[in-house]
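# Coordinates in review
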Amino acid sequence: MLVAPRRWALWRQGPRVIVYCLVSEVVAVVLTLRPSPIAVDRRTLSILAVLLVLGVAQSETGRRVERIRRRVSGTPHINMTSVWTFAGILLLPPLLLAVLVGGLYAHLAVRSWYRLQRVPASRTVSNAAIIVLSCYAAQSVLRLAGLGDVRAAMAHSWLGTFAIAAAGVAFFAVNALLVLPARREVGRTPEALFGTWSDNGLEVATLCLGALNALALATLPGLVVLVVPPLLLLHRTVLVKQLEVAAHRDEKTGLYNTSGWHALAERTLAAAARQRGTFGLLMLDLDHFKQVNDTYGHLAGDAVLRAVAQSIISAVRGRGDAVGRFGGEEFVVLLPGIAQPDIGAVAERIRRAISALQVPAGQLSITGLSVSIGIAVYPTAGTSLQRLLDAADTALYHAKATGRNKVVHVADLV
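Model, not experiment: these values are computed from the prediction.

### What about a nonpolar patch on the surface?
A cluster of nonpolar side chains, contributed by Val-19, Val-23, Val-27 and Leu-31, occupies part of the molecular surface with about 290 Å² of accessible area. Within the element layout of this structure, Val-23 appears in helix H1 (residues 15–33).

### What to know about the confidence of the model for the chain
Here the chain averages 82 in pLDDT, while 79% of its residues score no lower than 70. Of all secondary-structure elements in the chain, the lowest mean pLDDT belongs to helix H9 (residues 190–194), at 55, while strand E6 (residues 371–378) reaches the highest, 94.

### Examining the nonpolar core
Within the largest apolar cluster, 49 residues are counted, with the highest numbers of intra-cluster contacts made by Leu-51, Trp-84, Phe-86, Ile-89, Leu-90 and Leu-92. For this core, the element with the most residues is helix H6 (residues 121–144), which contributes 9 residues. Not counting residues up to four positions away in its chain, the partners in contact with Phe-86 are Ile-164, Ala-167, Gly-168, Leu-207, Gly-210 and Ala-211. Leu-284, Ala-300, Ile-338 and Ile-375 belong to the second-largest nonpolar core, a separate cluster that totals 35 residues.

### Things to note about helix H8 (residues 157–179)
The end-to-end C-alpha distance of H8, which contains 23 residues, comes to 33 Å, matching closely the 33 Å that a straight helix rising 1.5 Å per residue would cover. Buried residues of H8: Gly-160, Ala-163, Ile-164, Ala-167, Gly-168, Ala-170, Phe-171 and Asn-175, and no others.

### Structural notes on unusual backbone geometry
Leaving glycine out, the prevailing phi sign among residues is negative, and the prevailing peptide bond configuration is trans. Geometrically, the link from Tyr-378 to Pro-379 is a cis peptide bond, its omega value of 5° lying close to zero. Structurally, Pro-379 can be placed in the loop between E6 and helix H16 (385–401). One non-glycine residue, Ser-157, lies in the positive phi region at around 50°. Here Ser-157 is to be found in helix H8. A relative accessible area of 44% means that Ser-157 is categorised as partly exposed. The phi dihedral of Arg-276 is positive, around 55°, even though this residue is not glycine.

### Points about the sheet that holds strand E3 (residues 330–336)
With respect to topology, 5 strands assemble into an open sheet ordered E2-E3-E1-E6-E7, the strand pairing being mixed. What marks the edges here is a single partner per strand, and that holds for strand E2 (322–325) and strand E7 (407–409). With strand direction ignored, the average angle separating the axes of adjacent strands in the sheet is 20°. Bridge count between strand E1 (residues 279–286) and E3: 7 bridges; the pairing is antiparallel. Directly across from Leu-282, in E3, lies its bridge partner Val-333. Along the sheet, helix H12 (residues 258–275) makes contact with E1, E2, E3 and E6, crossing E3 at roughly 25°. Packing against the sheet, helix H14 (residues 298–316) makes contact with E1, E2 and E3, and its axis sits at approximately 15° to E3.

### Let's talk about the pairing of E1
Among the 8 residues that make up E1, 8 are buried, leaving the element largely enclosed by the rest of the structure. Across 8 bridges, the pairing between E1 and E6 is antiparallel. Following the sheet pairing, Met-283 is matched in E6 by Gly-374.

### Here's the deal with the packing of H14 against helix H15 (residues 340–355)
Contact pair H14 / H15: the axes reach a minimum separation of 9 Å and the direction vectors enclose 145°. The crossing of H14 and H15 is right-handed. Across the interface between the two elements, Val-308, Ser-311, Ile-312, Ala-315 and Val-316 of H14 pack against Val-346, Arg-349, Ile-350, Ala-353 and Ile-354 of H15. Residue composition of the contact of H14 with H15, by class: 8 nonpolar, 1 polar and 1 charged.

### Looking at the pattern of salt bridges
Counting across every chain of the model gives 7 salt bridges. With a shortest N-O distance of 2.7 Å, Lys-400 and Asp-285 are connected by a salt bridge. With Lys-400 in helix H16 and Asp-285 in strand E1, this residue pair connects regions lying 115 residues apart in the sequence. Classification of Asp-285 by relative accessible area gives buried; the value is 14%. Between Glu-348 and Arg-352 there is a salt bridge, with its nearest N and O atoms 3.8 Å apart. Taken as a pair, Glu-348 and Arg-352 lie in helix H15 at a separation of 4 residues, close to a single helical turn. Residues participating in the shared-partner salt-bridge network are Asp-285, Asp-287 and Lys-400.

Rules and cut-offs
- Counting restarts for each chain: residues are numbered from 1 in the order of the written sequence.
- In keeping with the predicted nature of the model, local features appear solely for residues at pLDDT of at least 70, side-chain atom pairs appear and are counted solely at 80 or more, and the whole-chain, interface and lining totals rest on all residues.
- Side-chain figures throughout are based on the complete set of non-hydrogen atoms in the structure, without hydrogens or water.
- Nonpolar side chains (Val, Leu, Ile, Met, Phe, Trp, Tyr) are joined into patches within 5 Å and like charges within 9 Å, using only residues with over 30% relative accessible area and no salt bridge.
- The protein chains shown are the only cover counted for residues, whose accessible areas, like all others here, come from Shrake-Rupley with a 1.4 Å probe.
- Salt bridges are defined as contacts in which a side-chain nitrogen from Lys or Arg sits within 4 Å of a carboxyl oxygen from Asp or Glu.
- Secondary structure elements are taken from DSSP: a helix is a run of H or I of four residues or more, a strand is a run of E of two residues or more, and numbering for both begins at the N terminus.
- Residue-level confidence of the predictor is what pLDDT reports, using numbers from 0 through 100.
- For the purposes of this section, nonpolar cores are sets of buried Ala, Val, Leu, Ile, Met, Phe, Trp, Tyr and Cys residues that join through side-chain atoms within 4.5 Å.
- Working definition: with a 1.4 Å probe on protein chains only, accessible area under 20% of the residue-type maximum means buried, over 50% means exposed, and in between means partly exposed.
- Two residues form a contact once any of their heavy atoms are found within 4.5 Å.
- Under the convention used throughout, the expected extent of a helix is 1.5 Å for every residue step, that is, one less than its residue count.
- At least two bridges found by DSSP between two strands are what make those strands a pair.
- Fitted lines through C-alpha atoms serve as axes, helices being fitted only where they are in contact, and the angles separating the N-to-C directions of these axes extend from 0 to 180 degrees.
- In this scheme, a crossing is called left-handed if the near helix is turned counterclockwise away from the far one by less than a right angle; it is called right-handed if the turn is clockwise.
- Only Asp, Glu, Lys and Arg are considered charged in this grouping, and only Ala, Val, Leu, Ile, Met, Phe, Trp, Tyr, Cys and Pro are considered nonpolar; every other residue, Gly among them, is considered polar.

Structure, rendered in structure tokens:
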């Protein structure tokens, strides 16, 4: 079903995202239509057809795995198209390379519409434009090395190997950077910005397979089908890793759940015991959270929990601290490698950040949130995880009982 231009999902994005998407798409079109001195022969058209057919076939074969990966991953999604597009970078002129990318992403758009996944077409077009620009950046690296394609690279041995590797790095880096401005919300952590190590490892692996694809097509074209089985196996392996990570994450906030946080806390405790170190533990509880649910509804309450989670993550400033949700409105924070006087400062920073929150709820904003925080420090408050949790909970209870919206250190209660 075609949608009138005025109803495109793109117009519901922020002005920055709209302008960026339109500019990147126009630049991609202009670069694609620029005159190219490279002639297109029958063999090149055959390579384009093979890459398109295999790309679509692989996408259809792995669609169920891809759907699950999208659902369980809380980070930017990295698909498998690089296997085919990077081979195109090494074999096709710019115009046919754009046709390859356009064909692969057109298939993704049609598949999404046909299966009612409701992915906006504008997002698919924007993603395709970014991939085209990334491909052109990689081809520019080859041209700077004086190599037109993989056949020329094969004739120059180590120079060709280095140029192909540099083209892969250029594609990876440019693609990662170009994606950021196209998002409505830009994450603050490295994982939120660029994806997990597992996702980026998948992208590197697909680029390597893309290079092997190109070599097969340039020498023994029939061998290109051998890339598909390991590609599908790689796809499923990454899914298993994502499912393992998801099993330790809270669905509503993306923080560690109880079991995930306990596992990390026990490792931190063991390391501190071996190294005779120290670490802090914060127990947090939102004040009067039931009133939020009763006044604004449970969906708004979930939005508050997500906003609070992000505030805590921002307040600990990426020092590798483990933030978990223990259910309801209770959170816990592990602070390894931090001096004892600084633990209270971190807790106060969290408290102030949550007090300043304004969480959208329909036409309204939820304000006036507050949190009570209890602090315990290893080993003075306990040498086992349960003793530390009990100590922090005691301090938290005291904060609740003496007025809420405050930080209490268990050492001050002795």
